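Spelled out from the first residue to the last, the chains are:
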Amino acid sequence: MDLSLSLSSPPNLHSSLTKSLSFSTRFHKPLPFFTCYPQIYSITTGYHPIKAQTSNQNNTPIDTAAAAAADDDDDDGFILEDVPHLTNFLPDLPTYPNPLKHSQAYAIVKNTFVSPEDVLAQQIVVQKGSPRGVHFRRAGPREKVYFKPEEVRACIVTCGGLCPGINTVIREIVCGLNYMYGVNNILGIEGGYRGFYSKNTMELNPKVVNDIHKRGGTILQTSRGGHDTNKIVDNIQDRGINQVYIIGGDGTQKGAAAIFKEVEKRRLPVAVAGIPKTIDNDIAVIDKSFGFDTAVEEAQRAINAAHVEVESVENGVGIVKLMGRYSGFIAMFATLASRDVDCCLIPESPFYLEGQGGLFEFVQRRLKENGHVVIVLAEGAGQEYVSKSVNAPEEKDASGNKLLLDVGLWLTQQIKDHFTTLKKMAINMKYIDPTYMIRAVPSNAYDNIYCTLLAQSAVHGAMAGYSGFTVGPVNSRHAYIPIERVTEATNVVKLTDRMWARLLASTNQPIFLDRHEQI
């Protein structure tokens, strides 16, 4: 069953519809729209149809609400979670031919432009008779754009923690705007969100960003917090900025959504595009976040070092602490990739130390069998034990994230005390925390390609007049996603999925659950 929809439509149909219809971010679309009469847009939001007018080839008005009602019985559960468009609140915006029509790079491309009807299914594993489910707009260049290149004044800002690939995204936004669309006026906002109103900027062009992808970190600098929506939008308005590219994680994307809402309220012709960034891979909806593959690859160095250390001594116990505040994806994938790890502990999976089936028992058994053991630990795992042990008050950083206690040092001490004091057994402890080394490296080849696709998709979306959206791959195809969809929940490792089962089968570690306990 093909869940992607691609139909040709009459010229200017999409632009005329976006001017005449008020799109919801979530709506159902019956199948007959695509199979019987593609010029009729039958749209319903939730369970109630939107009454909208469009025209057929004879320019006769058609009541699309009536068409939707007539086809209601044939609705197969198709849902499009659409992204906002500038014409939603500025219906008279003019359109212009896309400069890519004359681009040498796209001269031999068979289908240069994405059809307005192309969508991507969130779920690709379906059963016969099941609803088609949620879909997102396919990312890519559109035939018409809503900005003249010479009138574009774009800005880029990076917020939150470091992650491999940030500089690559910056570079490709700048080069994409310049090489593909002929945009020359691009600003870099320095120091995160607060840079908007503290007037820290730098001019960006292809020459300035030429080799920044070879360096870790961000040339624009970053910070946590500092978000003041009114001050930021005031500055955007004062500077005449009409495209804003925001690179950051969950909190940053929430800030981007607030900026878009204020822009919409003031009816400003400003496209706000988010590029999701989190090394932990905890952004919802998208397949994975940029920098994640680089982090997993770099983590192998630390795991390999720990394995070499403990293998070279008697009763060696190595602990490697990796990133993962709420999600244990880096620890899980690094463990699967390494094959030298005996046990992986993540925030999603509870564990205990003492008693039958506990961690101490497992470590003792592995020491007896192999003479050494390697444990990979996500930073968010076991926080409840650490906080009870040290009786520390809960604190938060500038982004509102809970400050984590060092579970790696705590577990190292617990294992050392248990075996030396209670078991009277000499062990050699090795503890490695490569967190900042991993965050600071440049992105690898795969992430460099991925960052290029993200940046170019964001540029195409902004030029096409979309706003309040973020970009990312959904089932390996890039899509435009409403910002609120990627911030409404945290992506976590599902213990009931096969990937965690594969890890348990690989390490043969305890599941730390009684067979009667339910997840």
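What counts, and where the lines are drawn
- Residues numbered from 1 in each chain as written.
- Predicted model: local features only at pLDDT ≥ 70, side-chain atom pairs only at ≥ 80, totals over all residues.
- Heavy atoms only, no water.
- Disulfide = S-S within 2.5 Å.
- Buried < 20%, exposed > 50% of the residue type's maximum accessible area, 1.4 Å probe, protein only.
- Helix = DSSP H or I, 4+ residues; strand = E, 2+ residues; numbered from the N terminus.
- Polar contact = N/O pair within 3.5 Å; in protein donor to acceptor, adjacent residues only side chain to side chain.
- Pairing = 2+ DSSP bridges.
- Axes fitted to C-alpha atoms, helices over the stretch in contact; angles between N-to-C directions.

K.L.:
Mind laying out the state of the cysteines, listing which residues take part and the relevant values?
P.N.:
Scanning all chains against the criterion turns up zero disulfides. C343 takes part in no disulfide bond, and the closest cysteine sulfur, belonging to C344, lies 7.2 Å away. Among the residues examined, C343 registers a relative accessible area of 0% and is labelled buried.

K.L.:
So, the side chain of D82: which residues are in play, and what are the values?
P.N.:
Along the polypeptide, D82 turns up in the loop between strand 6 (78-80) and strand 7 (96-97). At 2.6 Å, the side chain of D82 forms a polar contact with the side chain of R137.

K.L.:
Any chance you could break down unusual backbone geometry for me, citing the residues and the numbers?
P.N.:
Positive phi, normally seen in glycine, also occurs at Q221, with a value near 65°. As for its placement among the helices and strands, Q221 is situated in the loop between strand 13 (201-204) and helix 5 (229-239). Take Q221: its relative accessible area is 51%, and that puts it in the exposed class. A positive phi angle, close to 55°, is found at R267, a residue other than glycine. Its location among the elements puts R267 in the loop between helix 6 (250-266) and strand 15 (271-276). By relative accessible area, R267 is classed as partly exposed at 48%.

K.L.:
So what about the sheet that holds strand 16 (residues 316-322)? Which residues, and what values?
P.N.:
Pairing is parallel across the open sheet formed by four strands, whose spatial order is 17-18-16-19. Lying at the two open borders of the sheet, with one neighbouring strand each, are strand 17 (343-345) and strand 19 (428-432). Pairs of neighbouring strands in the sheet enclose a mean axial angle of 15°, with direction left out of account. Bridge count between strand 17 and strand 18 (residues 372-378): three bridges; the pairing is parallel. Bridge pairing in strand 18 places C344 opposite V376.

K.L.:
Any details on the pairing of strand 20 (residues 469-474)? Residues and values, ideally.
P.N.:
Among the six residues of strand 20, six are classified as buried, and the element is accordingly described as predominantly covered. Both faces of strand 20 are covered, namely the face carrying F469, V471 and P473 and the face carrying T470, G472 and V474. Bridge count for strand 15 against strand 20 is two bridges, and the pairing is parallel. Its bridge partner being in strand 20, G274 is matched across the sheet by T470. The pairing of strand 20 with strand 21 (residues 477-482) spans six bridges and is classified as antiparallel. From the neighbouring strand, V471 faces strand 21, where its bridge partner is Y480. The antiparallel pairing of strand 20 with strand 21 creates a hairpin that spans two residues between the two strands, and N475 there sits at a positive phi of about 55°.

The quantities given are spatial measurements derived from coordinates; they are silent on function.
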